[in-house]
Amino acid sequence: MGFRQYKFGAAGVGLMLGFSMCITLFGPSNDFRSGVSTWVGLDKQLSLGRVIGFSYEDPTVSGKGKPVTVILDKDPKTGATIDPPQRFYVYTAGTKFSPGVNHTELLGPGVEELSLQKGKIDQAEVSRGAVFTVSKGEFNGEEIDYIENVTATRGWDPQGTLTAAGDENSRYVGKGKTIYISEGCWWCHTLLPEQTQDWQIFGAPPFLGDFNGEMPTAFGSDRKAPDLLHVAARNSSREWMEMHFFNPRLVQPNSIMPRYDYLWGKVDADGNAIDFKKWRKEYTAYLHGESAYAPDVPEPAADSEVRALVDWILTSLK
Ligand code: HEC
């Protein structure tokens with residue numbers, strides 16, 4: 001009698017396993033390539049470059065070999081006004097292109113055709129470098145975004161574009177996202193508001209086409225801290241971000257987030273050595289009520305890791 005019951009149970013478990021395996025194998029699934037790249041997807045891959053995270057080109061995951069995003073209100077070649085200001089992605093000679101430029105089928109139907117025919121992305125050469133932008137075009141009566149190789153279509157040269165932009169119009173977005181990955185921010189944060197009440201707090205979930213050509217994606221796994229996909233829409237203050245990274249307790253007294261003051265490196269924006277010990281002493285005095293104000297957070301140098309991290313947050317996470 002007992003034996004018969006075991007048999008029944010075993011068959012039941014087998015049936016359930018078989019059924020769930022059938023769902024995995026035969027149920028409908030999404031192929032990333034079937035999605036049409038959105039503006040977000042194109043902006044993301046062009047600002048991040050070939051690969052973020054670990055690769056043999058950047059074994060220490062420090063953000064080497066990444067493109068620079070510049071925001072221009074003037075054509076660096078003709079001086080004509082660009083209104084509203086537009087993002088351009090500068091790949092200096094030797095900087096590897098983003099996946100969609102090398103493998104155009106990743107861009108999705110329509111975006112691929114326009115990027116090749118009007119955008120001339122097949123004429124871009126890594127050895128010479130190139131400047132890209134996202135332009136609007138029409139495909140089968142629908143308006144879509146595509147990649148334009150501005151070096152081929154308007155004759156912009158990468159180095160000249162960087163010089164015209166200057167540091168104040170440059171955003172080190174690709175390097176910044178790499179720092180997000182190497183610092184392990186994703187152990188606590190997610191980049192994926194879910195299809196629930198989440199929206200009301202963290203904003204709309206992403207579309208499939210937002211991920212075309214992003215390698216790898218960094219959704220995060222287990223959320224212990226606020227979702228960051230649209231954090232810059234809630235808070236676009238560079239000063240707040242810098243204080244929060246130097247020591248989160250400066251702006252959120254009970255925060256459990258670690259401090260990231262080491263991302264400033266050794267010197268500040270004026271090239272003066274940062275005295276972390278002195279800062280700490282003054283901060284402790286402030287905590288004990290011996291001084292009215294917390295010490296000022298040093299101005300980050302242009303090539304510091306924190307500058308890139310904040311650039312990425314304020315430019316891409318809107
Ligand atoms: C130990 C978990 C933990 C880690 C690791 C961590 N954070 Fe946080 N973070 C938090 C918590 C908790 C908060 C909410 C409290 C606060 O604002 O400090 C937060 C808040 C933030 C906010 C503000 C969010 C909002 O909604 O206003 C940003 C931006 C942020 N973190 C970025 C980062 C980045 C970038 C890294 C990696 C360099 C990082 N965090 C690493 C826990 C973490």
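Residues numbered from 1 in each chain as written. Predicted model: local features only at pLDDT ≥ 70, side-chain atom pairs only at ≥ 80, totals over all residues.

Remarks on the site of the ligand
Taken together, 22 residues form the shell around the ligand, and within it C185, C188, A225, S255 and M257 come nearest. Contributing elements (two or more residues each) for the shell around the ligand: α9 (231-234) and α12 (305-316). Residues of the shell around the ligand, tallied by class, amount to 15 nonpolar, four polar and three charged. (Near = placed C-beta within 6 Å. Helix = DSSP H or I, 4+ residues; strand = E, 2+ residues; numbered from the N terminus. Nonpolar A, V, L, I, M, F, W, Y, C, P; charged D, E, K, R; others polar.)

Points about unusual backbone geometry
Here the residue pair D83 and P84 is connected by a cis peptide bond, since its omega of 0° sits within 30 degrees of zero. By the secondary structure assignment, P84 is in strand β2 (residues 81-91). Cis geometry marks the peptide bond from M215 to P216, where omega comes out at -15°. Along the polypeptide, P216 turns up in the loop between α8 (198-202) and α9.

Focus: the packing of helix α7 (residues 173-182) against α12
Axis separation between α7 and α12 bottoms out at 7 Å; the angle between their running directions is 105°. Considered as vectors, α7 and α12 are oriented roughly perpendicular to each other. Residues V173, K175, G176, K177, I179 and Y180 of α7 lie in contact with α12, whose contacting residues are E305, A308, L309, D311, W312, T315 and S316. (Axes fitted to C-alpha atoms, helices over the stretch in contact; angles between N-to-C directions. Parallel < 35°, antiparallel > 145°, perpendicular 65-115°, else oblique. Contact = placed C-beta atoms within 7 Å.)

Re the nonpolar core
By size, the foremost hydrophobic cluster in this structure holds 49 residues, and its most contacted members are Y89, V90, V131, F132, I147, L309 and I313. No other element matches the six residues that α12 contributes to this core. Those residues in contact with L309, other than ones at most four positions away along the chain, are G176, I179, Y180 and L263. (Core = buried A, V, L, I, M, F, W, Y, C linked by C-beta atoms within 7 Å. Buried ≥ 20, exposed ≤ 12 C-beta atoms within 10 Å, placed from the backbone.)

Focus: the pairing of strand β1 (residues 68-74)
In this sheet, β2 lies alongside β1 in antiparallel orientation, the contact comprising six bridges. Counterpart to V70 in the pairing with β2 is F88. (Pairing = 2+ DSSP bridges.)

Thoughts on the domain arrangement of the chain
Accessible area lost upon the coming together of the parts serves often as the stated size of an interface. Domain boundaries in the chain define domain 1 (34-170) and domain 2 (180-316). Computed from C-alpha coordinates alone, the two centres of domain 1 and domain 2 are separated by 26 Å. Taken residue by residue, the interface counts 24 residues in domain 1 and 16 residues in domain 2. Of all the secondary structure elements, the ones that give two or more residues to the side of domain 1 that touches domain 2 are α2 (39-48) and α3 (99-102). At six residues, α2 tops the list of elements feeding residues into the side of domain 1 that touches domain 2. By residue class, the composition of the side of domain 1 that touches domain 2 is nine nonpolar, 13 polar and two charged. (Domains from an automatic or database assignment.)

Remarks on α12
Helix length check: α12 (twelve residues) gives 16 Å between terminal C-alpha atoms against 16 Å at 1.5 Å per residue, within 8%. Counting buried positions along α12 gives ten out of twelve residues, so the element sits mostly inside the fold. Among the residues of α12, those classed as buried are E305, V306, R307, A308, L309, V310, D311, W312, I313 and S316. Where α12 is buried, its residues meet α2, β5 (170-171), α7, α9 and α10 (238-246). (Expected span 1.5 Å × (residues − 1).)

Brief notes about the sheet that holds β5
Strand order in the open sheet made by the five strands is β4-β3-β2-β1-β5, with antiparallel pairing throughout. Two strands lie at the open edges of the sheet, namely β4 (142-149) and β5, each paired on one side alone. Bridge count for β1 against β5 is two bridges, and the pairing is antiparallel. Within the sheet, the bridge partner assigned to V70 lies in β5 and is S170.

Thoughts on the packing of α10 against α12
The description of two packed helices rests on the angle between their axes and on the distance between the axes. Contact geometry of α10 with α12 gives a least axis separation of 10 Å together with a crossing angle of 130°. Here α12 runs oblique to α10, going by the angle between their axes. Crossing hand, α10 versus α12: right-handed. Here α10 contributes R238, M241, E242 and F245 to the contact with α12, which in turn contributes V306, V310, I313 and L314. Grouping the constituent residues of the contact of α10 with α12 by class yields six nonpolar, no polar and two charged. (Left-handed = near helix turned anticlockwise from the far one by under 90°.)

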